2 protein chains.
Amino acid sequence: MPLGSSKTSKGSGGQSVSASATYRPMDDASLRPFLSTIPAVPDLLGADQARWRVREVGDGNLNLVFIVEGTEGAVVVKQALPYVRLVGESWPLPLERSHYEHRALCEQARLAPGLVPDIYHFDRDLALIVMEFLSPHIIMRKGLVRGIEYPRFAEDVSEFMARMLFGTSVLAGAAAPYKGLVADFAPNVALCRITEDLVFTDPYRDAPLNRWTSPELDNMALSFRKDAPLKRAAQARKYQFMTAAQALLHGDLHTGSVMLTPTNTRIIDPEFACVGPIGFDVGAVLGNLMLAYFAQSGHETTAGARDGYREWLLAQVTQVWRRFEERFIALWRDSTAGEAYVAGLFADAAGQAEMAVERGRFMRTLFEDSAAFAGLKMIRRVLGLAHVEDLESITDPALRARSERRALTLARELVVGAASLSGIAEVTGMARSIEQEIA
Amino acid sequence: MPLGSSKTSKGSGGQSVSASATYRPMDDASLRPFLSTIPAVPDLLGADQARWRVREVGDGNLNLVFIVEGTEGAVVVKQALPYVRLVGESWPLPLERSHYEHRALCEQARLAPGLVPDIYHFDRDLALIVMEFLSPHIIMRKGLVRGIEYPRFAEDVSEFMARMLFGTSVLAGAAAPYKGLVADFAPNVALCRITEDLVFTDPYRDAPLNRWTSPELDNMALSFRKDAPLKRAAQARKYQFMTAAQALLHGDLHTGSVMLTPTNTRIIDPEFACVGPIGFDVGAVLGNLMLAYFAQSGHETTAGARDGYREWLLAQVTQVWRRFEERFIALWRDSTAGEAYVAGLFADAAGQAEMAVERGRFMRTLFEDSAAFAGLKMIRRVLGLAHVEDLESITDPALRARSERRALTLARELVVGAASLSGIAEVTGMARSIEQEIA
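Basis of the calculations
- Residues numbered from 1 in each chain as written.
- Chains lettered and ligands numbered in written order.
- Predicted model: local features only at pLDDT ≥ 70, side-chain atom pairs only at ≥ 80, totals over all residues.
- Heavy atoms only, no water.
- Helix = DSSP H or I, 4+ residues; strand = E, 2+ residues; numbered from the N terminus.
- Rg over C-alpha atoms; globule rule 2.2 N^0.38 Å.
- Buried < 20%, exposed > 50% of the residue type's maximum accessible area, 1.4 Å probe, protein only.
- Contact = heavy atoms within 4.5 Å.
- Areas by Shrake-Rupley, 256 points an atom, 1.4 Å probe, with all protein chains shown as cover.
- Lys, Arg positive; Asp, Glu negative; His and termini not counted.
- Charge placed at Lys NZ, Arg CZ, Asp CG, Glu CD.
- Core = buried A, V, L, I, M, F, W, Y, C linked by side-chain atoms within 4.5 Å.
- pLDDT = per-residue confidence, 0-100.
- Pairing = 2+ DSSP bridges.
- Buried area = accessible area lost by both parts, 1.4 Å probe.
- Salt bridge = Lys/Arg side-chain N within 4 Å of Asp/Glu carboxyl O.
- Polar contact = N/O pair within 3.5 Å; in protein donor to acceptor, adjacent residues only side chain to side chain.
- Nonpolar A, V, L, I, M, F, W, Y, C, P; charged D, E, K, R; others polar.
- Domains from an automatic or database assignment.
- 1 Å grid on protein atoms, 1.4 Å probe; cavity = no way out; pocket = protein on both sides within 12 Å on 5 of 7 lines; lining within 4 Å.
- Points joined across faces, edges and corners; volume = space filled by probe spheres on them.

1. Quick look at the overall build of chain A
- A count of helices and strands for chain A gives 15 helices and 12 strands.
- Its C-alpha atoms give chain A a radius of gyration of 22 Å, within 12% of the compact-globule value 22 Å for 439 residues.
- With the C-alpha coordinates aligned to their principal axes, the bounding extent of chain A is approximately 60 × 60 × 40 Å.
- Within chain A, buried positions represent 64% of all 439 residues.
- For chain A, restricting intrachain contacts to residue pairs at least 6 apart in sequence, the fraction spanning at least 24 positions comes to 76%.
- Accessible area of chain A: about 15100 Å², with a carbon and sulfur share of 52%.
- Distance between charge centroids for chain A: 3 Å, based on 47 positive and 53 negative side chains.

2. Remarks on the nonpolar core
- Counting residues in hydrophobic clusters, the biggest one holds 235 residues, and the most contacted among them are F153(A), F324(A), F328(A), F153(B), F324(B) and F328(B).
- With 23 residues, the next largest nonpolar core counts V77(A), A80(A), L126(A) and L128(A) among its residues.

3. Quick notes on the confidence of the model for chain A
- Considering every residue of chain A, the mean pLDDT works out to 94; 95% of them sit at 70 or more.
- Below pLDDT 50 for its whole length, residues 1-18 of chain A participates in 59 contacts with residues either more than four positions away or in separate chains.

4. Re the pairing of strand 2 (residues 63-69) of chain A
Residue and element names in this part refer to chain A.
- The buried fraction of strand 2 amounts to 6 of the 7 residues, a majority that puts the element mostly inside the structure.
- Relative to strand 2, strand 1 (residues 53-56) is paired through 4 bridges, and the arrangement is antiparallel. The residue bridging E56 from the neighbouring strand is F66, located in strand 2.
- Both strand 2 and strand 3 (residues 74-80) contribute to a ladder of 7 bridges, which runs antiparallel. In the strand pairing of strand 3, N63 is matched with A80.

5. Things to note about the interface of chain B and chain A
- With 44 residues of chain B in contact, the opposing surface of chain A contributes 44 residues.
- For the pair chain B and chain A, the two sides together bury roughly 4000 Å², of which 64% comes from carbon and sulfur.
- On the chain B side of the contact with chain A, R232(B), Y239(B) and L345(B) bury the most area, a combined 20% of that side's loss.
- At the boundary of chain B with chain A, the tally comes to 8 salt bridges.
- Between E339(A) and R193(B) there is a salt bridge, with its nearest N and O atoms 3.3 Å apart.
- Here chain B and chain A share 22 residue pairs in polar contact (both at pLDDT 80 or more) between them.
- Elements supplying a minimum of two residues to the side of chain B that touches chain A: helix 6 (175-185), helix 7 (189-200), helix 9 (228-243) and helix 12 (349-383) of chain B.
- Take the side of chain B that touches chain A: its biggest share by element is 10 residues, from helix 9 of chain B.
- Class assignment for the residues of the side of chain B that touches chain A results in 26 nonpolar, 7 polar and 11 charged.

6. Looking at the domain arrangement of chain A
Residues and elements named next belong to chain A.
- What the domain assignment reports for chain A is domain 1 (7-132) and domain 2 (138-437).
- A straight line from the C-alpha centre of domain 1 to that of domain 2 covers 27 Å.
- If you look at the interface, domain 1 gives 28 residues, while domain 2 gives 32 residues.
- Between domain 1 and domain 2, the buried area comes to about 2600 Å², and carbon and sulfur atoms account for 63% of it.
- Among the residues domain 1 hides against domain 2, the three largest losses belong to Y100, L111 and L115. Together they make up 25% of the total.
- Scanning the region where domain 1 abuts domain 2 turns up 5 salt bridges.

7. Focus on the layout of surface pockets
- Within this model, the largest pocket holds a volume of roughly 1800 Å³.
- Lining the largest pocket are 47 residues, with Q240(A), R361(A), T365(A), R361(B) and T365(B) positioned closest to its centre.
- If you list the elements that add at least two residues to the lining of the largest pocket, you get helix 9 (228-243), helix 12 (349-383) and helix 14 (397-417) of chain A together with helix 9, helix 12 and helix 14 (397-417) of chain B.

Laid out in structure tokens, this is it:
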């Protein structure tokens, strides 16, 4: 999971960050008796509690993550801490994020079954979720660094996005459940604030926690902070992120939130979930694939050794967009329950033709949104607080800076020029040109 | 207040419409002891309760409205009924609308002081608001039928809209209070459903409660129900109404929700309040002024007798838009607290120039939105369930139909052609041409 916060978000957001009366951080000794009281767990792990093995494996940023293994199987226990673990108690973060994560996981399990981990138990006071242990899945980002192709990924992530982003919208159903989601997720202010600051604002100002490959990127970072058209476009997208309540977003759908095997895909960690613009999730996937693309030259043993893998990554960009567009349109066309675009108004041939045009217009707007959000996600990972392993694992700063310059160059075009892009092929074509032309 | 509901909204909306345990409709006998316990009321009315006079003056659609007069002054008591009064208990409507009205009135009093009635007391269980008795104000729509000019109106309603629609947005302030409004008003499902059905859907289908001047408008009503581009545009605006959470709307800002004297303006009845697209409120004002414009020929004693008043109405259309635009931009330019378009990013000359362009782009979009919503508001008042006194009071059906045909002709252009309008002068120019050309 990404380190997510900035100085300006400390303790803000209008929510209590203090622990509830019954909250306590779990450890080996407290977790065992707690888990034994959850009916599903002894069945999953095996009844012999003495042989349960507890390991804390959280990567240290935000949460505690335990893997508990028994003779029959294993479960994962994810518990929020009331502060950013990496920094300490001086940087509070609401425990309630665990509630939003659980709420989002339940919606996802309902609308996109099989694509999220199974949930066995949720304790709101403890801010703790007991869920499926995914094995032999690995975090996709780690696979991308190693150059592994995942044949199911584009299809599965597109299906996940289409089902969630169509299914929670008023294109798919009634106003009442949609407005229930709006009301339920609007209070997730603190986590959204992290996105608002880190993605849309901090990379474009002299924020204390920004970092970049220095001195190689000093000039580029400075030029981005002075780039008025870019800042305007970034802030217009921030406004859109804050106000365009289209669907329930995952909210942090990068390649570190995907666990994969060659035959199975699971989307994890939706604690940043909110009702927002559809293109934000789609852009997160596309942007992180393009970061992986530009990172490959830093991982090649010889120049060109990863040419094939680079093309595989661009093919994923194309397939994710095309397949998402296709599935979203198909779900919309086949639905008659949406309270926006009431199907009965368009039942005749002229109405159906008009709706086909309207769906095309709608998807064109989503494409522009997705491209712009992709660019913003790329920039924040190079110039902001939270970076990505794809680039961080390039140890030679000159090589890393070259990859990052290329990523920033494409990203700026996507943010400022989204409206003039002809389609996804132009995006991948620009990526290919930039990879060849920028030294 | 407008009759607001349709068959499809009966009992829907996911909210309980049953009365709470303590709810009871008030009458003369129960109102007196109730009011005597509210500290402000005896001061306002005079201590001699025997001389309080209670009149029920509700127009019969949705609510009970009492005027209570004493020796020292008067108050208004507005109480929701758990059903549509006009139809009866078979048509339930949530009492909670009174809570949303009170919540909106409080926001309006805070942000646009002096432009809404004073609130003395709210009882959520009784769904009852005790508020200022406005005198000698009359409902603006009645004044427009009589041909009265109101010199304060354009300035005051523009100020009200700019203060509310800017002030409750993330352009003006932080995410947390804005998201508080989003969460608080999202459950106002049932009242929004009325808008969604009656404004955006029912006029474009054979809805049982639709009515129009028949047989004069039969062909035009039919052609609108078959007009695929119009239906597409109407439903795209419905989607926008349901998902574009820009600001806290009044939600029903027609000329029947304005009480006026020549020197004072008050906005009343925000029970349809929701967080939605800014242009919806602005369009409601513009559309109702244009309905009044086209209605004038039905109220003339001799042809041309109201030429001057017609031009005054078009001048109001122009002034309301221009003054709203000017005030909204000024409030935005002078604010540094908005979390969208963070002011610090645009402090230098290049940034300020870029933000001036961005504000222009933003207002251009609001103009198109307002024009389209204005058109939709006009159509629903001619072809839908709820009509307006401006037109209904024209007793000669041929004259009324002529006014309505003209209104529908302009309205369709505004809905379908909003993006190609050059500005507000083109709208008033079209109105003038249509008034002269369509018999």
